[in-house]
Each structure stands twice: as C-alpha cells, then as structure tokens.
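As a plain string of letters, each chain reads:
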Amino acid sequence: MHDDLNALLNALQLQFADRLVTSDAVREHHGSGESHLPPAWPDAVVMVNSTQEVSDVLIACTKHGVPVIPFGAGSSIEGQIHAPLGGICIDLSAMAQIVSVQDEDMDCTVQCGVTRQALNEHLRATGLFFPVDLGAHATLGGMAATRASGTTTVRYGSMRDLVLGMTVVMPDGEIIKTGGRARKSSAGYDLTRLMIGSEGTLGIITELTLRLFGIPETSQTAMCSFNTIEDATQTVVIALQCGLALNRIELADALQMQAINSYSKTSLPERPTLWIELTGSAATVENDIVVLEGLAETALRFEHAQTAEAAAKLWRIRHDALYASRALRPGIKGISTDVCVPISKLPACISAILGVVATTDIQAPLVGHVGDGNFHLVLLYDPENEVEAKQAYQINSSLIEMAIEMGGTSTGEHGVGLGKKAYLPNEHGPALGVMRRIKRALDPDNIMNPGKIFDL
C-alpha cells in the first residue's frame, strides 16, 4: 500500500469512520458483480449518504491521485465495478431518496441509489410509472451510467431517452447540474447525454430527473411458439412494421426454453418462443391482438394470458432467464453477449451465430429484446477448461464482428466496461480518439474508473 493511499485512507477515516471499510468480504463484493471476468478488488469502500460526501471523496482522491470506482447495486456484467488498479469504491446505494414527484408534469427527481422497483412502488398511487424494465435489480444511477434499457425499450426507449437532467460530481469534486425539467432544450452542449453511458469515467451521477408515463389502460400478453427461430424472428420484423401497440417483444430459443422449464418448474413448449405484450386502450389492444395472431401465421401455438396474474408470471419467467441459463451449468456465470443490430438484420444475425455455436461444444441459450434488435447468448463455459474458454471467446468475437458489419453495435445495453474494450476501435474508428480527448479534458489525472471503455 503506497504512501498516497495510506494518507488518503487516514483522511477518509476521519470523516467517514466506520463507513470506510477495508475488510476482504466487503472489498470482494464490490469488485466482482455479475461479470464473468476475474474479480478485481478496490483497496477500500466508502459508503456515502449525500452529493456533498461524494464531492469530498473525489476531492481527496484527486489530491492523492487514487482511482475512484462508483458502485450502485453491483449488477454490471462487463466489469464496470472492477478495480484493476485498486483505489476507492464509492458505494452509492444509501443515496436512495425519492426527492420529488411532479404528477402534472409527469417527471420525478431521485437520488442515484433508488432502484426502479422502489420508484414504481412509490408511484403506484399516482397512476404513473417509470418504464425501463431490466431483468436485473439495479439502481437508477447505474442504469443511467451504462445507458441501460430492457424489455419495454421497443415502446419507451432507453435511459438515454428518459433522463431529463442530472446532478453530477466531477473528478475534482465540482458539483454540476445538467439538463433540467423541460422536455427539450437547445441551450448549449448536451452534457446529460454525455454522462449517460459514460460508466463512471467522467463523473459520478448522484441525482436524476426522469420522465414518467401514465399506466396504460389495459394490456394483453401472448406467447407464441415456432418451429424455427427464423420463423420467430421474421414474425418480429413483420409485427414491428405494422404499427401495432407493442410494448414488449422478447425471444427465447429452444435451449433457453428447456432451461426455463427446469429452473422455473414450468412445462412450456421447448421451441423458439416469443413473449409479446400490447398495451393501450381496450379497443386498440383487442384489435391489435387479433391482427398479431394473424401475422404469426407460422406459429405452432399462440396463447393469451387470461389474467393479469398469469401475464405477470410469464414476465417473471422471462426476467429469470439469465439465472435459468446459468442453472444449466451450476457455478458457471458464462459470457452474456449483448449485440444489437438493425431490425431487418436480426434474423440473419441470429441464424449466422447459431451456425457458429453449432460447430463448438458450448451450450449457448439465447434470449433477447428482439423488438430492438438486441439479443443475448449466454455462453456457458468452464474458465478452467482451455478448449471451452477459447471456443466461448471465439463465439463472442464472431458475433460482435457480425453485428458491426451489419451496422449494429458490440453492446446494446450492458455497456463496455472491461469486457468490450477490445471491440471499440472497430466500431468507432477515429471517434474513439475524440472520446479519449473528452476524458483527458474532464479527468486529466485519470482517476475516474480508469481502464474502462478504453485505455488512455
């Protein structure tokens, strides 16, 4: 432990007392997350309660040249919370206050540690809700930092579209406000969008102002089983082109359905399957569900959930898909791929990568937010097995290359972190150099989550 770190820990100890933690158990928890990547522990974890405390920590870390890693719920998949250079992890989970809700304007302001579940529970009596619906338990600050999305993105967009403004603490401790509560603005650089997706490399988000929406009058959920995954994906493309009141369109392949039946104790058809939800007025939904059934002409089975409880159960099953996949090989996290392609390219991309998987020994259940062209393979491999590890990484690389070639991206929602860094030069070209120049300008000492997204 070098002198600067010792001096920093002594200074933080004076202010935070037992909220500065250096135990192995806490450091391990804060340096692992949901990623398949090897853990990388911070030197210490400080539990903060306010924006000012975040500022105080950053001022001290800048003074001593020690790295800072923000932490929300620890659900990141690409190693965003890892500390490969050590440093101080700032745990923001206690900053969980819902600051205000403006019903008439349909917006709210929350601290970064509020989870989407807690926010929607708080909003229930207002008739409003926040729509980004992840499979993970995540904080809203972390969701903004990774530009997260989820099952409802096909209708409402991602965090990029739903954050109006923020409070951000810059690397030198300066506290700034970005954006505001207006639905649009032409006043200067869009710093809100700059911070969304920056993964803690430019500053720490401590408050967010979010757009809210009215809870739809009614909804209908259907499950459609198909003989082939090509039939399922072509149905998605056709449904999107028809302008139906689609809220969610999710896909699982036959292997994923086997995993779901085993994990969730269900007896669903073990065929490529779509979950589809339509929302809106009763008349619109009733009409569109009939149209949808007609469009799904290649479906082997088209079944409506008859009650709200039945629909909720189907969506719980979908949200448990990652854990169902991992249960195929207990103790194995695997690589959760995350490409996103233009909708018209989705059938070709899925067919091509499944052809690659078939040439290997890797189990790779598929699930995805196919209404956005975003899907995941969970590549289940034993990291101690050289052959399996090589095959899994080759599949991941092949998929990313395919997606970029098709006009897509290496990551639709998980972010870059450590796991996708190698693919950004191919995806962004010279634009990656512009990102580096922004990083150097805002964080000249490179203390903010260093090593993530790209290396300086």
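Since the structure is predicted, the reported quantities are computational estimates derived from the model, not experimental observations.

S.K.: Before we move on, could you go through the pattern of salt bridges and cite the residues and values that matter?
M.R.: Should the charged atoms of two oppositely charged side chains come close, the side chains can pair. As enumerated under the stated definition, the model contains 16 salt bridges in all. When the shortest N-O distance is used, the salt bridge between Asp107 and Arg181 registers 3.2 Å. Of this pair, Asp107 sits in strand E6 (residues 107-111) while Arg181 sits in the loop between strand E9 (175-179) and helix H8 (191-195), and the two are 74 residues apart along the sequence. With a closest N to O distance of 2.8 Å, Glu250 and Arg318 form a salt bridge. One end of the pair, Glu250, is in strand E13 (residues 246-252); the other, Arg318, is in helix H12 (residues 308-319), with 68 residues separating them in the sequence.

S.K.: Describe the nonpolar core, and please don't skip the residues or the numbers.
M.R.: Grouped together as the largest cluster of nonpolar side chains are 57 residues, with contacts concentrated most on Ile88, Phe130, Leu140, Met159 and Leu210. What Leu140 contacts, discounting residues up to four positions off in sequence, is Val110, Cys112, Val114, Thr115, Arg116, Leu119, Phe130, Met159, Leu208 and Leu210. Listed in part, the 45 residues of the second largest apolar core include Phe302, Ile350, Ala364 and Ala403.

S.K.: Go over the packing of aromatic side chains, please, and point to the residues and values.
M.R.: In this structure the tally under the stated criterion is 3 aromatic pairs. Consider the rings of Phe129 and Tyr156, whose centres lie 5.6 Å apart with planes at 90°: the pair is edge-to-face. One end of the pair, Phe129, is in strand E7 (residues 128-129); the other, Tyr156, is in helix H6 (residues 153-156), with 27 residues separating them in the sequence. A ring pair is formed by Tyr381 and Tyr393, whose centres lie 5.9 Å apart and whose planes are at 70°; its orientation type is edge-to-face. Of the two residues, Tyr381 is situated in the loop between strand E18 (374-379) and helix H15 (386-405) and Tyr393 in helix H15; the sequence distance between them amounts to 12 residues. Judged by relative accessible area, which is 5%, Tyr381 ranks as buried. Relative accessible area serves as the criterion here: at 37%, Tyr393 is assigned to the partly exposed category. Here a set of aromatic residues connected by ring pairs shows up, and it is made of Phe129, Tyr156 and Phe213. Across from the ring centre of Trp315, 4.1 Å away, lies the NZ or CZ of Arg248, which sits over that ring.

S.K.: Break down helix H3 (residues 51-64) for me, citing the residues and quoting the values.
M.R.: End to end, H3 covers 20 Å across 14 residues, agreeing with the expected 20 Å (1.5 Å per residue, within 8%). In the stretch just after H3, Gly65 is the one whose phi turns positive, near 65°.

S.K.: Describe the sheet that holds strand E5 (residues 98-102), with residues and values.
M.R.: Spatially, 5 strands are ordered E5-E6-E10-E8-E9 in an open sheet, and the strand pairing comes out antiparallel. The two strands at the open ends of the sheet, each matched to only one other strand, are E5 and E9. On average, adjacent strands in this sheet sit at an angle of 10° to one another, irrespective of strand direction. The strands that H3 touches are strand E8 (163-169), E9 and strand E10 (204-211); relative to E8, the one it contacts most, it runs at about 45°. Strands E5, E6 and E10 of the sheet are contacted by helix H4 (residues 116-123), whose axis makes an angle of about 45° with E5.

S.K.: Hey, could you go over unusual backbone geometry for me, with residue numbers and the actual values?
M.R.: Generally, phi is negative for residues other than glycine and the peptide bonds are trans, each holding for most cases. Phi is positive for Lys265, which is not a glycine, with a value near 55°. The exposed category is assigned to Lys265, whose relative accessible area is 71%. Unusually for a residue other than glycine, Asn449 sits at a positive phi of about 45°. Note that Asn449 resides in the segment after helix H17 (431-442). Among the residues examined, Asn449 registers a relative accessible area of 2% and is labelled buried.

Conventions used here
Residues numbered from 1 in each chain as written. Predicted model: local features only at pLDDT ≥ 70, side-chain atom pairs only at ≥ 80, totals over all residues. Heavy atoms only, no water. Salt bridge = Lys/Arg side-chain N within 4 Å of Asp/Glu carboxyl O. Helix = DSSP H or I, 4+ residues; strand = E, 2+ residues; numbered from the N terminus. Core = buried A, V, L, I, M, F, W, Y, C linked by side-chain atoms within 4.5 Å. Buried < 20%, exposed > 50% of the residue type's maximum accessible area, 1.4 Å probe, protein only. Contact = heavy atoms within 4.5 Å. Phe/Tyr/Trp six-rings, centres within 6.5 Å; stacked < 30°, edge-to-face > 60°. Lys NZ or Arg CZ within 6 Å of the ring centre and 35° of its normal. Expected span 1.5 Å × (residues − 1). Pairing = 2+ DSSP bridges. Axes fitted to C-alpha atoms, helices over the stretch in contact; angles between N-to-C directions.

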